[in-house]
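Structural overview for review
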Amino acid sequence: DTAVSQTPKYLVTQMGNDKSIKCEQNLGHDTMYWYKQDSKKFLKIMFSYNNKELIINETVPNRFSPKSPDKAHLNLHINSLELGDSAVYFCASSQGLIQETQYFGPGTRLLVL
Amino acid sequence: SQQGEEDPQALSIQEGENATMNCSYKTSINNLQWYRQNSGRGLVHLILIRSNEREKHSGRLRVTLDTSKKSSSLLITASRAADTASYFCATDRSKLTFGKGITLSVRP
């Protein structure tokens with residue numbers, strides 16, 4: 001019944017590793033997003049996909065690569081993890097484009113050691 | 001640059017009191033939204049107010065928007081301990097931009 005789900009919920013890993021976070025929404029929405037929330041709770045958009053097409057690609061290191069196999073899924077792959085990547089990553093979705101209400105997942109807490 | 005900025009950064013009130021939180025932004029917008037985030041959880045949408053609206057109500061929530069001053073306020077009436085959370089305003093241009101949030105503590 002969860003509207004927007006993310007896995008894993010917690011991710012602890014060593015610097016230099018590659019990891020993926022998965023996101024799925026069962027709301028039938030067309031647009032999905034990835035946000036990063038830092039330790040000061042500042043929430044910043046990273047990517048957005050509309051019907052599997054990339055529409056927002058913020059200034060994010062190219063170690064971060066989103067993939068949308070279908071409009072219900074948006075995964076985030078991170079290569080060569082760095083200490084500064086430690087944060088909470090939120091997936092979200094909306095029916096239309098950016099201006100619509102967004103529905104957030106529970107977050108993935110990433111800690112890079 | 002960050003679009004929405006909330007004020008105050010932290011607010012502590014007694015249960016039953018009203019809580020007023022403010023948000024200022026810099027450029028013109030289509031809509032302004034308020035979200036709540038409970039500790040360790042994702043954001044939950046509270047209310048969306050369009051640029052041609054001045055006030056909107058939802059239950060114990062009242063949101064105002066003053067586009068001439070580029071500001072919005074969120075009023076929670078008759079606060080409850082369960083209202084303890086961080087509150088964010090978000091404004092839209094090409095993307096939804098969130099402020100840093102206000103931490104509201106409601107003491108029982």
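The structure we're discussing is the one just above.
Residues numbered from 1 in each chain as written. Chains lettered and ligands numbered in written order. Predicted model: local features only at pLDDT ≥ 70, side-chain atom pairs only at ≥ 80, totals over all residues. Heavy atoms only, no water.

**Considering the state of the cysteines**
What counts here: Two cysteine sulfurs form a disulfide in these notes if their separation is within 2.5 Å. Every helix listed is a DSSP run of H or I at least four residues long, and every strand listed is a run of E at least two residues long, numbered separately from the N terminus. Working definition: with a 1.4 Å probe on protein chains only, accessible area under 20% of the residue-type maximum means buried, over 50% means exposed, and in between means partly exposed.
Per the stated rule, a full pass over the model turns up two disulfides over all chains. Between the sulfur atoms of cysteine 23 of chain A and its disulfide partner cysteine 91 of chain A the distance amounts to 1.9 Å. Judged by the sign of its S-S torsion, about -75°, the cystine formed by cysteine 23 of chain A and cysteine 91 of chain A is left-handed. In this pair, cysteine 23 of chain A sits in strand β3 (residues 19–25) while cysteine 91 of chain A sits in strand β9 (residues 87–94), placing the two residues 68 residues apart along the sequence. The exposure classification of cysteine 23 of chain A matches that of cysteine 91 of chain A, with both residues buried. One disulfide bridge connects cysteine 23 of chain B with cysteine 89 of chain B, the sulfur atoms lying 2.0 Å from each other. Looking along the S-S bond of the cysteine 23 of chain B-cysteine 89 of chain B disulfide, the torsion reads about 65°, which is the right-handed sense. On the criterion of sequence distance, the pair formed by cysteine 23 of chain B in strand β3 (residues 19–24) and cysteine 89 of chain B in strand β9 (residues 85–92) is long-range, its members being 66 residues apart. Classification of cysteine 23 of chain B by relative accessible area gives buried; the value is 2%.

**Considering the packing of aromatic side chains**
Basically, it comes down to this: Pairing of aromatic side chains requires ring centres within 6.5 Å, counting the rings of Phe and Tyr and the six-membered ring of Trp. Pairs whose planes differ by under 30 degrees are stacked, by over 60 edge-to-face, and all others tilted.
The final tally for this structure, using the stated rule, is eight aromatic pairs over all chains. When the centroid spacing of 6.3 Å and the interplanar angle of 35° are considered together, the rings of phenylalanine 64 of chain A and tyrosine 89 of chain A count as tilted. Of this pair, phenylalanine 64 of chain A sits in strand β7 (residues 64–70) while tyrosine 89 of chain A sits in strand β9; the two residues are 25 residues apart in sequence, bridging distant segments of the chain. A relative accessible area of 6% means that phenylalanine 64 of chain A is categorised as buried. A relative accessible area of 0% means that tyrosine 89 of chain A is categorised as buried. Taking 6.0 Å as the distance between ring centres and 80° as the angle between the ring planes, the aromatic pair formed by phenylalanine 104 of chain A and phenylalanine 98 of chain B counts as edge-to-face. On the criterion of chain membership, the pair formed by phenylalanine 104 of chain A in strand β10 (residues 103–104) and phenylalanine 98 of chain B in strand β10 (residues 96–98) is interchain, its members lying in two chains. An identical accessibility class is assigned to phenylalanine 104 of chain A and phenylalanine 98 of chain B; each is buried. A connected cluster of aromatic rings, assembled from ring pairs, spans Tyr33, Tyr35, Phe90 and Phe104 of chain A together with Tyr35 and Phe98 of chain B.

**Remarks on the interface of chain A and chain B**
Threshold: In this description, contact between two residues means that some pair of their heavy atoms is separated by no more than 4.5 Å. When two parts are brought into contact, each loses some accessible area as probed by a 1.4 Å sphere; the total of that loss over both is the buried area. Any carboxyl oxygen of Asp or Glu within 4 Å of a side-chain nitrogen of Lys or Arg constitutes a salt bridge here. Whenever a nitrogen or oxygen atom comes within 3.5 Å of another N or O atom, the pair is scored as a polar contact, on the condition that within protein one atom can donate a hydrogen and the other can accept it, and that pairs from neighbouring residues in sequence are kept only if both atoms are in side chains.
With 19 residues of chain A in contact, the opposing surface of chain B contributes 22 residues. Taken together, both faces of the contact between chain A and chain B bury some 1,600 Å²; the carbon and sulfur share is 54%. Of the charged contacts, one joins glutamate 58 of chain A and lysine 95 of chain B as a salt bridge, the two residues approaching to 3.6 Å between their closest N and O atoms. Counting across the chain A and chain B interface gives six residue pairs in polar contact (both at pLDDT 80 or more). Listed by contribution, the elements that provide at least two residues to the side of chain A that touches chain B are β4 (31–37) and β5 (43–50) of chain A.

**Here's the deal with the pattern of salt bridges**
When charged atoms on two side chains of opposite charge get close, those side chains can pair. Residues and elements named next belong to chain A. On inspection of all chains with the given rule, the structure shows seven salt bridges over all chains. A salt bridge links aspartate 30 to lysine 71; its shortest N-O distance comes to 2.7 Å. Taken together, the positions of aspartate 30 in the loop between β3 and β4 and lysine 71 in the loop between β7 and β8 (73–78) put the pair 41 residues apart, joining distant regions of the chain. Between arginine 63 and aspartate 85 there is a salt bridge, with its nearest N and O atoms 2.8 Å apart. Residue arginine 63 is found in the loop between β6 (53–57) and β7, and its partner aspartate 85 is found in the loop between β8 and β9; the two are separated by 22 residues along the sequence. For arginine 63, a relative accessible area of 13% corresponds to the buried category.

**Things to note about the side chain of asparagine 31 of chain B**
Within the element layout of this structure, asparagine 31 of chain B appears in strand β4 (residues 31–37). Look at asparagine 31 of chain B and you get buried, because its relative accessible area is 5%. A polar contact is formed between the side chain of asparagine 31 of chain B and the side chain of arginine 50 of chain B, at a distance of 3.2 Å. Once residues within four sequence positions are removed from consideration, asparagine 31 of chain B is found in contact with Gln99 of chain A together with Leu48, Ile49, Arg50, Ser51, Ala90, Thr91 and Asp92 of chain B.

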